[in-house]
Amino acid sequence: MSDLLSADFSRLMKSYAFLAAAAFCIEFPVFEILIAYYNTQEKEILFVADNYLNSSFIVFGLVTAIFISLFIGTEYNEGTIRNKLIMGQSRVHIYLSKFIVCNVANLILQCVFFAAVVITCRIVSGQPLIMLFQTSFKDMISMQLIGFYIIAAYSAVFVFITMMISSMAVSAVVSLMIAAVLMSAGYMIGEKLSIGVIDPTLPTEQLQMIEEMSRGADITDELRRNVLLFLDDFLPSCQAVHLSNGYVPGRAEYYIMYDLAVILVFTVTGTICYSKKEFN
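Draft legend 1. Just the overall build of the protein, in detail. On a plain count of helices and strands, the protein comes out with twelve helices and zero strands. Starting at the N terminus and ending at the C terminus, the protein contains elements arranged as α-α-α-α-α-α-α-α-α-α-α-α. Taking all 280 residues of the protein together, 40% fall into the buried category. Here the analysis covers contacts within the protein between residues at least 6 apart in sequence; of these, 82% occur between residues at least 24 apart. Element-wise, carbon and sulfur atoms account for 67% of the exposed surface of the protein, whose accessible area totals about 15,100 Å².

Printed below as a string of structure tokens:
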């Protein structure tokens, strides 16, 4: 196992997919912040650096899908994985090594993105770091920790897909499609749930009218809402949308619990299926 990890980490540092992902994690926040800062100056409104601390988690599903499918898929194309099997390496160890290395790589990318946000905000605003963000250091670390579990859940899903599909092109397309669907679902579910939210500041007459109307809702509507509420907590993309709001979500402990469940299910299932996978 240690030999596999050593070889995979060595290959990671030379991987064009990883270097490209790292470059994206620098360029994306830089352009995002520069454009936002220019708009705030043009409209003479306050530039809020906190808005960009967690923006990475929205796009990390796509980044992870592309990086993992290319990083692991290259080994299939080059026959490296087949050579490892011929040399007597355990399939379980091979799978776990890929999962561990991809998670460490994603942690590095997360840190690169965060550093790019801090440095860029510091340069464009001209404010000292201690005054740059309104978010407390504790909340900042908590949100990044929650974000790590979200990215790890993505990793578990895409490692599973890539290890099961020997074709790099096919695994990349499938992973990207799933990442895109999850991202869309993250926004759509949030919008649907927000429709039923009642503003307590409304006049009493309107609140009474809304209450009367809600009594006519059938059981199907209630069941649909409960399903959406579960998906809102369960899906990494929904968690990422909430996290991007710039504060620690109220149900953060459930996010971590569900992310760990996703990681466990996909990793255990992946090791079992990969142990029985036939190579052409």
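Once you've had a look at it, read on.
Draft legend 2. Fine view of the packing of aromatic side chains. Overall, the coordinates contain twelve aromatic pairs when judged by the stated rule. Where F230 meets F234, the ring centres are 5.3 Å apart and the plane angle is 15 degrees; that geometry is what we call stacked. Of the two residues, F230 and F234 are both situated in helix α10 (residues 219–234); the distance of four residues between them amounts to about one turn of the helix. Exposure remark for F234: the relative accessible area of 26% places this residue in the partly exposed category. The interplanar angle of 85 degrees and the centroid separation of 5.6 Å between the aromatic rings of F230 and Y258 together place this pair among those described as edge-to-face. Linking F230 in helix α10 with Y258 in helix α12 (residues 252–276), this pair joins segments that are 28 residues apart in sequence. A residue is classified by how much of its surface remains accessible, and Y258, at 17% relative accessible area, is buried. Among the aromatic residues, those joined into a cluster by ring pairs are F24, F28, F60 and F113. Across the ring face of F71, the terminal group of R11 is positioned such that the distance to the ring centre comes to 4.3 Å. Between the NZ or CZ atom of R91 and the centre of the ring of Y274, over which it lies, the distance is 5.9 Å.

Draft legend 3. Main features of the side chain of T162. Mapped onto the secondary structure, T162 falls in helix α7 (residues 137–164). We classify T162 as buried; its relative accessible area is 0%. For T162, the residues in contact, after removing those within four places along its chain, are I68, S69, I72, G73, Y76, S171 and S175.

Draft legend 4. Quick peek at the pattern of salt bridges. On inspection of all chains with the given rule, the structure shows four salt bridges. Among the ionic pairs, R11 bridges to E75, the shortest N-O distance being 2.8 Å. In this pair, R11 sits in helix α1 (residues 2–14) while E75 sits in helix α3 (residues 56–78), placing the two residues 64 residues apart along the sequence. For E75, a relative accessible area of 1% translates into the label buried. E75 serves as the salt-bridge partner of K98, at 2.2 Å between the closest nitrogen and oxygen.

Rules of the game
Residues numbered from 1 in each chain as written. Predicted model: local features only at pLDDT ≥ 70, side-chain atom pairs only at ≥ 80, totals over all residues. Heavy atoms only, no water. Helix = DSSP H or I, 4+ residues; strand = E, 2+ residues; numbered from the N terminus. Buried < 20%, exposed > 50% of the residue type's maximum accessible area, 1.4 Å probe, protein only. Contact = heavy atoms within 4.5 Å. Areas by Shrake-Rupley, 256 points an atom, 1.4 Å probe, with all protein chains shown as cover. Phe/Tyr/Trp six-rings, centres within 6.5 Å; stacked < 30°, edge-to-face > 60°. Lys NZ or Arg CZ within 6 Å of the ring centre and 35° of its normal. Salt bridge = Lys/Arg side-chain N within 4 Å of Asp/Glu carboxyl O.

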